[in-house]
Amino acid sequence: MTSIIKVDQIQTAAGSTPTAADLGINTTGNVIHTEMFTNAQDQDVQTNSWTQVWTFSYTPKLTNSKLIFSSSIDLRGQRSSGGNHDARFDYRIYTGGNLQFYRSNCGHYDYGGSGAWHKGNFVDNCQYINTNGSAVTWTLNIKTAGSAGVRFNEISGGTNPNSTCVVTEIAG
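The model shown is predicted, which means the values in this text are computed figures rather than measured ones.

Criteria and cut-off values
Residues numbered from 1 in each chain as written. Predicted model: local features only at pLDDT ≥ 70, side-chain atom pairs only at ≥ 80, totals over all residues. Heavy atoms only, no water. Disulfide = S-S within 2.5 Å. Buried < 20%, exposed > 50% of the residue type's maximum accessible area, 1.4 Å probe, protein only. Helix = DSSP H or I, 4+ residues; strand = E, 2+ residues; numbered from the N terminus. Pairing = 2+ DSSP bridges. Phe/Tyr/Trp six-rings, centres within 6.5 Å; stacked < 30°, edge-to-face > 60°. Axes fitted to C-alpha atoms, helices over the stretch in contact; angles between N-to-C directions. Contact = heavy atoms within 4.5 Å. Salt bridge = Lys/Arg side-chain N within 4 Å of Asp/Glu carboxyl O. Core = buried A, V, L, I, M, F, W, Y, C linked by side-chain atoms within 4.5 Å.

S.K.: Requested: an account of the state of the cysteines, with residues and values cited.
M.R.: Using the criterion set out here, one finds 0 disulfides in the structure. Here cysteine 126 is not disulfide-linked; the sulfur of cysteine 165 is the nearest cysteine sulfur, at 7.1 Å.

S.K.: With reference to specific residues and values, describe the pairing of strand 9 (residues 149-152).
M.R.: Covered by surrounding structure in strand 9 are Gly149 and Arg151 together with Val150 and Phe152, the residues of both alternating faces. In this sheet, strand 9 lies alongside strand 2 (residues 43-45) in antiparallel orientation, the contact comprising 3 bridges. Within the sheet, the bridge partner assigned to glutamine 43 lies in strand 9 and is phenylalanine 152. Here 4 bridges tie strand 4 (residues 65-79) to strand 9, and the two strands are oriented antiparallel to one another. Bridged to arginine 76 within strand 9 is arginine 151.

S.K.: Can you lay out the packing of aromatic side chains for me, pointing to particular residues and giving the numbers?
M.R.: Counted according to the given criterion, the structure contains 8 aromatic pairs. Measuring from centroid to centroid gives 5.1 Å for phenylalanine 56 and tryptophan 138, while their planes differ by 20°, and the two rings are stacked. Of this pair, phenylalanine 56 sits in strand 3 (residues 51-58) while tryptophan 138 sits in strand 8 (residues 136-143), and the two are 82 residues apart along the sequence. Arranged with centres 5.7 Å apart and planes meeting at 85°, the rings of phenylalanine 89 and phenylalanine 122 form a pair that is edge-to-face. Separated by 33 residues along the polypeptide, phenylalanine 89 in strand 5 (residues 89-95) and phenylalanine 122 in strand 7 (residues 116-130) bring together distant segments of the chain. Of the two residues examined, phenylalanine 89 and phenylalanine 122, each falls in the buried class. An aromatic cluster of at least three residues, connected via ring pairs, comprises Phe37, Trp54, Phe56, Trp138 and Phe152.

S.K.: Tell me about the sheet that holds strand 6 (residues 98-106), and name the residues and values.
M.R.: The antiparallel open sheet is built from 4 strands, whose spatial order is 3-8-5-6. Of all strands in the sheet, those bounded by a partner on one side alone are strand 3 and strand 6. The sheet shows a mean angle of 10° between the axes of neighbouring strands, taken without regard to direction. As judged from the 6 bridges shared by strand 5 and strand 6, these two strands associate in the antiparallel manner. Residue pairing for strand 6: isoleucine 93 is matched across the bridge by phenylalanine 101.

S.K.: Just give me the short version of the environment of asparagine 162, but keep the residues and values in it.
M.R.: One can find asparagine 162 in the loop between strand 9 and strand 10 (163-171). The sequence separation of asparagine 162 and tryptophan 50 amounts to 112 residues, and the corresponding C-alpha distance is 21 Å. Those residues within four positions of asparagine 162 in sequence are excluded, and the remaining contacts are Thr38, Asn39, Ala40, Ser72 and Asn153.

S.K.: Would you mind going over the pattern of salt bridges in detail, with residue names and values included?
M.R.: Where charged atoms from two side chains of opposite charge come close, those side chains can pair. What the rule picks out here adds up to 4 salt bridges. In this structure, the salt-bridge partner of glutamate 154 is arginine 76, at a minimum N-O distance of 2.6 Å. On the criterion of sequence distance, the pair formed by glutamate 154 in the loop between strand 9 and strand 10 and arginine 76 in strand 4 is long-range, its members being 78 residues apart. A single burial state applies to glutamate 154 and to arginine 76, both of which are buried. Notably, a salt bridge pairs arginine 151 with glutamate 154, separated by 3.8 Å at the nearest N-O pair. No difference in accessibility class separates arginine 151 from glutamate 154, as the two residues are buried. What emerges from the salt-bridge pattern is a single network uniting Asp42, Arg76, Arg151 and Glu154.

S.K.: Quick rundown of the nonpolar core? Include the residues and the values.
M.R.: If you look at the biggest cluster of nonpolar residues, it comprises 26 residues, and the most contacted ones within it are Trp54, Phe69, Leu75, Tyr91, Trp138, Leu140 and Ile142. Secondary structure elements with two or more residues in this core: strand 3, strand 4, strand 5, strand 6, strand 7, strand 8, strand 9 and strand 10. Here phenylalanine 69 is in contact with Phe56, Thr95, Asp124, Asn125, Cys126, Tyr128, Val136, Trp138, Cys165, Val166 and Val167, once residues within four sequence places are set aside.

The following block contains the structure:
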């Protein structure tokens, strides 16, 4: 024998729409939401001081969850003149004001005399534990270190590069 229950709407005792937890469903570990942020703005940084080149905010769907930030960043360091052919650079990523990554000496160093440059796509993953549902800000900073300049999303032939960050929210 089968049974069918048909209702127009389910509400909590207070009259609001119930969450999965209100219905006794354990969602811990399930993906709640994903969102992709993109940036295609070409920026040229020529200083050894930290420069913010990209920031965005994600507002969690829940008040207790884990956020996974998976970024793919288009960067190029260069130096083409003088005896020093150091094209290395540094970058760092913050989530919610907390330092997640500090990558130093990225790029290329040329011991020869012909100049150097290195373009790459840098992939990082980090997690942030959300305890209150407030918006979480993700920030990318870069600096030249030994290079003459660092390009973020350089537009030079081909298609416009895109840096991306996918935020995956997992129920806690």
